[in-house]
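# Topology and contacts: notes
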There are 2 protein chains.
Amino acid sequence: MRFLTNRRMFVLLAVMGVYAGYSLAFASGGGGNADSGAGHGGPVLEVLLELIVILLAAKLGGDLLERFKQPAVLGELIMGIVIGNLHLLGFDLFEPFKVNVPLEILAEIGVIILLFEVGLESTVKEMMKVGLASFMVAVFGVIAPFFLGWGVGILFLPEESTLVHVFIGAALTATSVGITARVLQDIGKINTREAKIILGAAVIDDILGLVILAVVAGIITAAASGSGDGISSAQVLWIIAKAVLFIVGAIVIGSIILPAYFKFGFVLRGKGVFLSFCLLVCFLLAFLAGKVGLAPIVGAFAAGLILEEVQYKDFRDRGEHQVEELIAPIAIFLVPIFFVRMGMMVDLVTFTHVQILGFAAVMTVAAIIGKQACSLAIFDRTINRFAIGLGMIPRGEVGLIFAGIGAKLVLDGHPVVSSSTYSAVVIMVIVTTLVTPPALKVSLLRGEKKKNNEK
Amino acid sequence: MRFLTNRRMFVLLAVMGVYAGYSLAFASGGGGNADSGAGHGGPVLEVLLELIVILLAAKLGGDLLERFKQPAVLGELIMGIVIGNLHLLGFDLFEPFKVNVPLEILAEIGVIILLFEVGLESTVKEMMKVGLASFMVAVFGVIAPFFLGWGVGILFLPEESTLVHVFIGAALTATSVGITARVLQDIGKINTREAKIILGAAVIDDILGLVILAVVAGIITAAASGSGDGISSAQVLWIIAKAVLFIVGAIVIGSIILPAYFKFGFVLRGKGVFLSFCLLVCFLLAFLAGKVGLAPIVGAFAAGLILEEVQYKDFRDRGEHQVEELIAPIAIFLVPIFFVRMGMMVDLVTFTHVQILGFAAVMTVAAIIGKQACSLAIFDRTINRFAIGLGMIPRGEVGLIFAGIGAKLVLDGHPVVSSSTYSAVVIMVIVTTLVTPPALKVSLLRGEKKKNNEK
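Residues numbered from 1 in each chain as written. Chains lettered and ligands numbered in written order. Predicted model: local features only at pLDDT ≥ 70, side-chain atom pairs only at ≥ 80, totals over all residues.

## A short note on the overall build of chain A
A tally of regular secondary structure across chain A gives 20 helices and two strands. A burial count over chain A gives 54% of its 455 residues as buried. Excluding contacts between residues fewer than 6 apart, the proportion of contacts in chain A whose partners are at least 24 apart in sequence is 78%. (Helix = DSSP H or I, 4+ residues; strand = E, 2+ residues; numbered from the N terminus. Buried ≥ 20, exposed ≤ 12 C-beta atoms within 10 Å, placed from the backbone. Contact = placed C-beta atoms within 7 Å.)

## Details of the nonpolar core
Core analysis: the largest hydrophobic core is formed by 330 residues, its most contacted members being A:Val137, A:Cys282, A:Leu285, B:Val137, B:Cys282 and B:Leu285. The residues contacting B:Cys282, other than those within four sequence positions of it, are B:Ile112, B:Phe116, B:Ala300 and B:Ala303. (Core = buried A, V, L, I, M, F, W, Y, C linked by C-beta atoms within 7 Å.)

## With respect to the packing of helix 13 (residues 273-291) of chain A against helix 14 (residues 296-306) of chain A
Residue and element names in this part refer to chain A. Orientation of helix 13 relative to helix 14, taken along the N-to-C sense of each, is 140°, at an axis distance of 7 Å. In this structure, helix 13 meets helix 14 at a crossing whose hand is right-handed. Contact residues: helix 13 offers Val281, Cys282, Leu285, Ala286, Phe287, Leu288, Ala289 and Gly290, while helix 14 offers Pro296, Val298, Gly299, Ala300, Ala302 and Ala303. Residue classes in the contact of helix 13 with helix 14 are distributed as twelve nonpolar, two polar and no charged. (Axes fitted to C-alpha atoms, helices over the stretch in contact; angles between N-to-C directions. Left-handed = near helix turned anticlockwise from the far one by under 90°. Nonpolar A, V, L, I, M, F, W, Y, C, P; charged D, E, K, R; others polar.)

## A few points about the packing of helix 3 (residues 43-67) of chain B against helix 16 (residues 323-344) of chain B
All names here are of chain B. Where helix 3 contacts helix 16, the axes come no closer than 9 Å and their chain directions differ by 85°. Classified by the interaxial angle, the pair formed by helix 3 and helix 16 is roughly perpendicular. Of helix 16, the residues touching helix 3 (which contributes Ile54, Leu55, Ala57 and Ala58) are Pro336, Ile337 and Val340. Across the contact of helix 3 with helix 16, the residue classes tally to seven nonpolar, no polar and no charged. (Parallel < 35°, antiparallel > 145°, perpendicular 65-115°, else oblique.)

## A closer look at the environment of B:Glu320
Residues and elements named next belong to chain B. Among the structural elements, glutamate 320 can be located in the loop between helix 15 (313-317) and helix 16. The partly exposed category is assigned to glutamate 320, around which 17 C-beta atoms lie within 10 Å. Residues glutamate 320 and leucine 275, spaced 45 residues apart in sequence, show a C-alpha to C-alpha distance of 9.2 Å. Discounting residues that sit within four places of it in the chain, glutamate 320 has contacts with Phe274 and Phe315.

Written out as structure tokens, the structure reads:
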């Protein structure tokens, strides 16, 4: 590789090594710093060190994987896994990164900005066009993994009650769209119809997951307390109503309020009003989505969808940049934090539990195969159906949240989700996250080639 | 004011009010959210709410003050004071904002980005040119407030020992350059010679403050322990050496390492490498500055100074934007958080302590008059000397840190800095922060008018 032959790089890395050593020497000095009369410092220094390590790792990882023709996001994940597991080799300087709350928040804001950016690429109208397809994809992609997961539960935990099996099925349902969105962006396919169908399906998927979680957790709580009072259908309806109200509310904001909102912003003096007003829409909808129980990224995506140039034409006429251009630098700064940190949270020790690996492998296969049912929902032959199934594969946060709730629910004196089941879910999440970027890239680029050949 | 006549605005604000009410209803629901089966949420929602309130307040405050021909930053501070003191009227929804660590970190990153941005406007060479002037300004601006503060201590606390008086003098020395930098930026004067002298002086000022703090705290600790072992001159030299080494190191990085560093970055694939590499320089120097006991913003400013276009010419030739353009959106997002939060930390109750107000008033006058000595250090009549004295007025963090350390040091059975002295320092910090923006703006714009008339 060309850059490795660059002699200057060695000088550079050597100097950086010395600098890093210097930093660490001081860092390990810790409390001594305050004694020596330092007037500054505090928690911000820890975060700065984390940002330095993460940004550098992200760029090096992204470069390496792009050389292997893989999406940059996979490089960020892998670098994160390396950083997060160096403690296995006795190097535990990076361990505090995992529990640093400000870093977690920066990562979360990063993925919110990413989905906002992705939403900006589409309009509500375009999403409506693929609405039925997205809905079908979401429904198929929830039903198939649910029953497959149920089956896996029966197979591996035959002595457990049906509720436990149902819970495993439920944990396999919800797609985590961050990875897919990033891959689509990395390979320049965010504007394809496939991308829009996947993103729309992910939103609906999130609503369905919310309902399933409420129902299943409600039934189990009722069974555990023996009261027989399950979750009422009124409660389920209220959960659905809140989510739907949110989506409808967002569209109403988009069509009715935003033009007036930007008109108001336009008369405000001071710099940065335009970008700030766009960020406000993003953060408000992300916040409200979170408050109704949806993922904040669903709100951020909706915010991106409803923002249209016609609403802020005044700003554009004044010579302001496009929202996309203004958001890009913020995304460059914050988005990699999310993916590197996601990699850091992967605990490789999980993979050494041999007795769990079989369960995990079958569960992972169920999770992957299950989402391939999505392609059955697409009747239009011009669409790359296979890519849609692949794009729906990643499970993340939601699967872990399901498993976490299950671990806390007690039935017949032991938790619904045992620690080995939990580990299997974790492995499933890791594997589905890591297989998606290369698979999706190959499928979309091959599909493109085929189309070109047919022409 | 024109925008108030805009009927649509009322509709808009009404709708936003309903939305806010909706959010708050959910927010106050708190724990109930998890019970209802929400799959998402957590600490990020709190931060999102804070960002919404702060960004909106910043833009509204900035607009209002610009209409009164004041710098936008003053509006951000005032809106912060309002938000931070609404609890006095029984509305305490915003109280958690003050203790939210992730928000504090976002604010700190904001001011780091601001000083990086300001540093980018100058080069090391330009700073060298005003180096002597900056040095003299810093020295005068440290000595005068130090002795004035000492005198104020004798006047108001005659029964206390000399060490206490010295401590009060020390707390008045260090300039907090964030406000001044932002005002200079708001009024478009960041490129003037006056601006460069002030910024250079603030860096040197920070080093001097560090040394004074070490010496004074060392002497008091020694006096308190009765051991007679004060801080040794070797220790003081080491503190100075670390700070100077840092500054020299930064310049060496700039001239020797950065060209190779950007050459290395240039061969990396993936998007956002250029901006990431610039941010890495900023964060690394901010981190190292913090580690040697200087303010992280001094490091960020140095990072901005040493970055020159010639180092990253390759990127520019490839069509990348200027660093300044890429940093601007990040600054628009994060910088207001710092100033609104700074306003939020102002506790208006402090001003109701009548018995302290006299002490505070005299201390504030000493702090302001003291820095006017800076203008005596400037012999060049073409420079607006008055503006330089005004630009050095703001005291912030460092004054509070001094006072905080003094509050923890015990001498003759009671703290060196009593709670009333501490309150007086707090009032001094608030007033110097708030008077600077209007005073500096008037002075610089009037000076400009005069120059134009003379032509």
